[in-house]
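Here is how the chains run, residue by residue.
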Amino acid sequence: MKNCAGRFAAFIVAAVVSLAAWTPARAELVVQIDKSAQRMSVSVDGVARYNWPVSTGRDGYGTPSGIFHPQAMMRSYFSRKYYNAPMPHAIFFYYGFAIHGTNDISRLGGPASHGCVRLHPANAATLFALVQRSGPHNTTIEISN
């Protein structure tokens, strides 16, 4: 009986160690958006990883400032409010406002949106994957200026 208990305990320890190996690493992800510079910087665990041009809200369509966390994520989304406009890799952070990819890449670096934060589609996909990996609760979106 003692041998069975020992084997069971060893099995439990092995299972816990195995499960821990399959648990994805959680990193602290900080997305900083500077509306005056029209730039986004992304840091993982305090280390700057990316710096990209963005487009935020043009005149009459402000992008909210503040500190936010992702509320919803949609790999493929189309705006019901703005003529079914594609919003790939959308990360919603405040009501209907999102960070998402855009096909209008020539406008990146200047205000052009209805309030969302637009990114190059490849950068939006990278950010989306980072947020998925880190988790929404470990992701902070800071929008200033």
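For the structure, check the block above.
Only a predicted model underlies this, so the values are computations on that prediction, with no experimental measurement involved.

A. Representation of the sheet that holds strand S8 (residues 117–119) within the structure. Reading across from one edge, S5-S6-S7-S8 is the order of the four strands in this open sheet, with mixed pairing throughout. Edge positions in the open sheet fall to strand S5 (72–74) and S8, since each of these has one partner strand only. Mean inter-strand twist for the sheet, computed between neighbouring axes without regard to direction, equals 15°. In this structure, strand S7 (residues 97–101) lies alongside S8, joined through three bridges in parallel fashion.

B. Representation of the pairing of strand S3 (residues 47–53) within the structure. Here strand S2 (residues 39–44) pairs with S3 via six bridges, running antiparallel. The partner of Ser41 across the bridge, within S3, is Asn51. In this antiparallel pair of consecutive strands, S2 and S3, the connection spans two residues, and Asp45 shows a positive phi of 50°.

C. Region of interest: unusual backbone geometry. The phi torsion at Gln38 lies on the positive side, around 55°, for a residue other than glycine. By the secondary structure assignment, Gln38 is in the loop between strand S1 (29–34) and S2. Residues other than glycine seldom take positive phi values, yet His89 does so here, at roughly 55°. Mapped onto the secondary structure, His89 falls in the loop between S5 and strand S6 (90–94).

D. The arrangement of the packing of aromatic side chains in detail. The tally for this structure, following the rule as stated, stands at six aromatic pairs. Relative to Tyr95, the ring of Tyr94 lies with its centre 4.7 Å away and its plane at 85°, an arrangement referred to as edge-to-face. Residue class for Tyr94 comes out partly exposed when judged on its relative accessible area of 33%. What links up through ring pairs into an aromatic cluster is the set Phe68, Phe93, Tyr94, Tyr95 and Phe97.

E. Molecular detail of the nonpolar core. Counting 22 residues, the largest nonpolar core has Val31, Ile33, Met40, Ile99, Leu119, Leu127 and Ile141 as its most contacted members. When residues of this core are assigned to their parent elements, the largest contribution, five residues, is made by helix H2 (residues 121–134). If we ignore the near neighbours within four places in the chain, the residues touching Val31 are Met40, Ser41, Ile99, Leu127, Thr140, Ile141 and Glu142. Grouped together as the second largest cluster of nonpolar side chains are six residues, Tyr77, Met87, Phe92 and Ala98 included.

F. Molecular detail of the environment of Arg39. In this structure, Arg39 sits in strand S2. Its relative accessible area of 33% is what places Arg39 among the partly exposed residues. Those residues in contact with Arg39 that sit more than four places away from it in its chain are Gln32, Ile33, Asp34, Asn51, Trp52, Pro53 and Val54. Side chain to side chain, Arg39 and Asn51 meet in a polar contact 2.8 Å long.

Rules and cut-offs
Residues numbered from 1 in each chain as written. Predicted model: local features only at pLDDT ≥ 70, side-chain atom pairs only at ≥ 80, totals over all residues. Heavy atoms only, no water. Pairing = 2+ DSSP bridges. Helix = DSSP H or I, 4+ residues; strand = E, 2+ residues; numbered from the N terminus. Axes fitted to C-alpha atoms, helices over the stretch in contact; angles between N-to-C directions. Phe/Tyr/Trp six-rings, centres within 6.5 Å; stacked < 30°, edge-to-face > 60°. Buried < 20%, exposed > 50% of the residue type's maximum accessible area, 1.4 Å probe, protein only. Core = buried A, V, L, I, M, F, W, Y, C linked by side-chain atoms within 4.5 Å. Contact = heavy atoms within 4.5 Å. Polar contact = N/O pair within 3.5 Å; in protein donor to acceptor, adjacent residues only side chain to side chain.

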